[in-house]
Amino acid sequence: METSQLSAAIHAKCPKCRRGDLFATSMYGFSSQKMNTSCSHCGFTFEIEPGYFYVAMFVSYAFNIAQMVTMAVAIYVLFGSHNPWVYVGALLGVSVVLSPFNFRYSRVVLLYWLTPGIHYDPNRARDDYQKIG
């Protein structure tokens, strides 16, 4: 059965075969997140060129801004607070707690939807696919 694009993205799978893992470690843990250099199933190299994932910083920034605006509106609607320190503390806390999420999914979004030329290949998803190299 073929894995959907959304399901593969949520589980951080290879965008070419949707089977191999993008990351070697879990999102939240005591060690830092480590990204695999290539797909364990099809051999696709994730970092297409040197510095490729620097662009993911912009995606992460957009995620962070959306999370902060959402949190600020939620605090205002739920609590009606006018104390700026409530907002500063809550927004910094949310930013720190969600930074592993932003790191991981900014790279996933970059690979899946923002890089032209990277598309799902059903042949790579086959069990008998032979890696090159």
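Each chain has its residues counted from 1, following the order in which its sequence is written. Thresholds applied to this predicted model are a pLDDT of at least 70 for local features of residues and 80 or more for the giving and counting of side-chain atom pairs; totals over whole chains, interfaces and linings are not thresholded and use all residues. By convention in this description, side-chain values take in all heavy atoms of the structure and omit both hydrogens and water.

Draft legend 1. Molecular detail of the overall build of the chain. We count a stretch as a helix when DSSP gives it H or I for four or more residues in a row; a strand needs E for two or more, and each element gets its number in order from the N terminus. Counting secondary structure elements, the chain contains five helices and zero strands. Shown N-terminal to C-terminal, the secondary structure of the chain runs as helices and strands in the order α-α-α-α-α. Projecting the C-alpha coordinates of the chain onto the three principal axes gives extents of approximately 60 × 30 × 30 Å. For the exposure calls, accessible area comes from a 1.4 Å probe over protein chains only, and a residue counts as buried if that area is under 20% of its type's maximum, exposed if over 50%, partly exposed in between. When each of the 133 residues of the chain is scored for burial, the buried share is 35%. Pairs at least 24 apart in sequence give 62% of the contacts found in the chain among residues at least 6 apart. We call two residues contacting when some pair of their heavy atoms lies within 4.5 Å.

Draft legend 2. Spotlight on the pattern of salt bridges. Salt bridges are counted wherever a side-chain nitrogen of Lys or Arg sits within 4 Å of a carboxyl oxygen of Asp or Glu. Under the definition given, this model contains five salt bridges. Between Asp 21 and Lys 13 there is a salt bridge; the shortest N-O distance is 2.5 Å. For Asp 21, a relative accessible area of 34% translates into the label partly exposed. Note that Asp 128 is salt-bridged to Arg 126, the shortest N-O span being 2.9 Å.

Everything listed here is a matter of geometry and, on its own, says nothing about what the molecule does.
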